[in-house]
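# Coordinates in review
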Amino acid sequence: MAFCNRCGVRIEDGKNLCDDCAANGDGTQKASDSGSGGSPRVLAGVMGILFGGLGIHKFILGYVTEGVIQLLLTLITCGAAGIIGFIEGIIYLAMDDRKFVETYIRNHRGWF
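Rules behind the numbers
- Residues numbered from 1 in each chain as written.
- Predicted model: local features only at pLDDT ≥ 70, side-chain atom pairs only at ≥ 80, totals over all residues.
- Heavy atoms only, no water.
- Helix = DSSP H or I, 4+ residues; strand = E, 2+ residues; numbered from the N terminus.
- Buried < 20%, exposed > 50% of the residue type's maximum accessible area, 1.4 Å probe, protein only.
- Salt bridge = Lys/Arg side-chain N within 4 Å of Asp/Glu carboxyl O.

Here we take up unusual backbone geometry. Even without a glycine there, the phi angle at Cys78 is positive, about 55°. Not every positive phi belongs to a glycine, and His108 is a case in point at roughly 50°. Position of His108 relative to the elements: it lies in the segment after α5 (97-106). Residue His108 is classed as exposed on the basis of its relative accessible area, which comes to 55%.

Quick look at the structure:
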């Protein structure tokens, strides 16, 4: 039994490539995916900071219901609920990739 050195996911015996983060067995990324970052952490973080009230960062992560709720909260509070997206963007950018993938991709944590 082996585990990915980058995201910690179990890698099947005989495979050298992680299916979750596209890293090789030694923790490096495949050459074809070297620009992708393995997770949408940075994109979601930047969108959370810039457009957090619109819930765009939620949609990027695949959280449609939470994105709609964020948008409605922002409209109802005349923009005040946009601080939630701003804070979440900072949290995303402050996390390392392994913890981000574990928390928001694998465990589907929708808020904070």
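Moving on, there is more to tell.
Attention now moves to the pattern of salt bridges. Opposite charge on two side chains permits them to pair, given that their charged atoms come into close proximity. Within the structure shown, the criterion is met by three salt bridges. Of the charged contacts in the structure, one is a salt bridge between Asp97 and Arg41, with a shortest N-O distance of 2.8 Å. Here Arg41 lies in helix α1 (residues 41-51) and Asp97 lies in helix α5, a separation of 56 residues in the sequence. When its relative accessible area of 14% is taken as the criterion, Arg41 is described as buried. A salt bridge links Arg106 to Glu102; the shortest N-O distance between them is 2.6 Å. Here Glu102 and Arg106 lie together in helix α5, a separation of four residues that amounts to about one turn. In this structure Arg106 comes out as partly exposed when scored by relative accessible area, which is 36%.

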